[in-house]
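# Chains, contacts and geometry: an overview
Next come the chains, spelled out residue by residue.
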Amino acid sequence: MKFLINWSRQNKWIESNLKDAHQVGEYWVTNEYSNHSRYCSKQGLMLAGDAYCFLDPVFSSGLMLALKSGVMAADAIDSGLIENDLTPARFMSYARTLRDGINNMRILVCAFYSEGFTFKALIDRFPNLAGDVTDCLSGDINKDYTSLHEAIATMVPIPKKMELGMPLNT
Ligand SMILES: Cc1cc2nc3c(=O)[nH]c(=O)nc-3n(C[C@H](O)[C@H](O)[C@H](O)COP(=O)(O)OP(=O)(O)OC[C@H]3O[C@@H](n4cnc5c(N)ncnc54)[C@H](O)[C@@H]3O)c2cc1C
């Protein structure tokens, strides 16, 4: 709490916008935005976008994942309707692809927040991987990023793959 109040005084824009305001309650700080659903689907229900996962606010992954998972979910449901099978198990491939992509992007996000890591330092050491970084951050999340992950692992620890988001009851 004190952190926000002090910070608001150090930030000219916030200070000037709050100067005539009357505080009516406590200040609250929001953090820990990331979440991942335990399952992606059950009978009659399928999750996409924020309902499936929210990775991080910095990289604008929210809209990208919402749009990407929306298209993927629509394709999976469409083929399920054609084959008259909408059981949760049907959406295994949807879940795997989406989760693998999110895990790929999550490695970059976690590196970004790790002390001692910068994308500049990574690219200075591994200039051939610049394209992989921009591909992943711009939404091509299901490429093979093994070389990129190995390079990042020489600088900071890589998070364990999340084993979440599969269909329920499969
Ligand atoms: C302040 C803020 C800033 C952000 N900035 C960015 C950014 O710069 N770049 C970026 O990529 N992402 C950003 N995000 C994240 C991004 O907005 C979300 O990740 C994205 O909108 C998720 O899309 P969605 O379709 O999954 O969910 P939503 O956009 O939340 O859509 C869900 C919709 O379902 C509706 N709904 C809920 N319950 C029901 C119900 N029972 N019946 C019918 N409708 C229902 C809701 O009203 C809503 O319209 C930001 C988020 C916030 C809060």
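Quick notes on the rules
- Per chain, residues are indexed from 1 in the order of the written sequence.
- Selection of residues for local features in this predicted model requires a pLDDT of at least 70, selection of side-chain atom pairs for listing and counting requires 80 or more, and totals for whole chains, interfaces and linings are taken over all residues.
- Every axis in this analysis is a line fitted to C-alpha atoms, fitted for helices over the stretch in contact. Angles between the N-to-C directions lie between 0 and 180 degrees.
- Under the scheme used here, helices are H or I runs from DSSP no shorter than 4 residues and strands are E runs no shorter than 2 residues, and both carry numbers assigned from the N terminus.
- For classification purposes, an angle smaller than 35 degrees is called roughly parallel, one larger than 145 roughly antiparallel, one from 65 to 115 roughly perpendicular, and anything else oblique.
- Each crossing gets its handedness from the near helix: less than a right angle anticlockwise from the far helix is left-handed, clockwise is right-handed.
- Once C-beta atoms have been placed from the backbone, residue pairs whose C-beta atoms lie within 7 Å are recorded as contacts.
- Under this grouping Gly is polar, as are all residues other than the nonpolar Ala, Val, Leu, Ile, Met, Phe, Trp, Tyr, Cys and Pro and the charged Asp, Glu, Lys and Arg.
- Only the C-beta atom matters for nearness: placed from the backbone, it must lie within 6 Å of the molecule or strand for the residue to count as near.
- Three exposure classes are used, based on other C-beta atoms lying within 10 Å of a residue's own C-beta, which is placed from the backbone: buried for 20 or more, exposed for 12 or fewer, and partly exposed in between.
- Put simply, a nonpolar core is a cluster of buried Ala, Val, Leu, Ile, Met, Phe, Trp, Tyr and Cys residues tied together by C-beta atoms within 7 Å.
- Helix span, expected: 1.5 Å multiplied by one less than the number of residues in the helix.

A few words now on the packing of helix α5 (residues 92-112) against helix α7 (residues 130-137). The contact between α5 and α7 brings their axes to 10 Å, and the two run at 115°. Our classification of the angle between α5 and α7 gives roughly perpendicular. Taken as a pair, α5 and α7 cross one another with a handedness that is left-handed. Between α5 and α7, the contacting residues are N104, M105 and L108 on the first element and V133, C136 and L137 on the second.

Here we take up the packing of helix α4 (residues 61-82) against α5. For the pair α4 and α5, interaxial distance at closest approach is 10 Å and the crossing angle is 165°. Judged by the inter-axis angle, α4 sits roughly antiparallel to α5. In the crossing of α4 with α5, the sense of the turn from one axis to the other is right-handed. Seen from α4, the contacting residues are S61, L65, S69, M72, A73 and A76; seen from α5, they are Y94, T97, L98, I102 and M105. Each residue belonging to the contact of α4 with α5 can be placed in one class, and the counts come to 8 nonpolar, 3 polar and no charged.

Here the focus is the site of the ligand. G49, D50, A51, F54, S60, G62, L63 and A66 make up every residue found near the ligand. Sorting the residues of the shell around the ligand by element identifies α3 (49-52) and α4 as the ones contributing at least two each. A per-class count over the shell around the ligand returns 4 nonpolar, 3 polar and 1 charged.

Further remarks concern the environment of D140. On the secondary structure map, D140 appears in the loop between α7 and α8 (146-153). Measuring from C-alpha to C-alpha, the distance between D140 and K160 comes to 21 Å, with 20 residues separating the pair along the chain.

Before going further, it helps to examine unusual backbone geometry. Even without being glycine, S60 reaches a positive phi, approximately 55°. Here S60 shows up in the loop between β4 (53-54) and α4. The exposure class of S60 is exposed, given the 12 C-beta atoms found within 10 Å. Even without being glycine, N84 reaches a positive phi, approximately 55°.

Among the nonpolar cores identified, the biggest contains 24 residues, and C40, M46, Y52, F91, Y94, I102 and M105 are the most heavily contacted of them. Among the secondary structure elements, those contributing two or more residues to this core are α4, α5 and α8. Sorting elements by how many residues they give to this core places α5 first, with 7 residues. Beyond its immediate chain neighbours, meaning those up to four positions away, F91 contacts C40, S41, M46, A76 and P167.

This brings us to α5. The terminal C-alpha atoms of α5, which comprises 21 residues, lie 30 Å apart, in line with the 30 Å expected from a rise of 1.5 Å per residue. Those residues of α5 lying buried are Y94, A95, L98, R99, G101, I102, N103, N104, M105, R106, L108 and A111. Its buried side turned inward, α5 meets α3, β4, α4, α7 and α8.

What follows covers the environment of Y145. Positionally, Y145 belongs in the loop between α7 and α8. Taking the C-beta count within 10 Å as the criterion, Y145 has 24 such neighbours and is therefore assigned buried. Between the C-alpha atom of Y145 and that of D135, which follows or precedes it by 10 residues, the distance is 9.9 Å. What Y145 contacts, discounting residues up to four positions off in sequence, is N104, D132 and C136.

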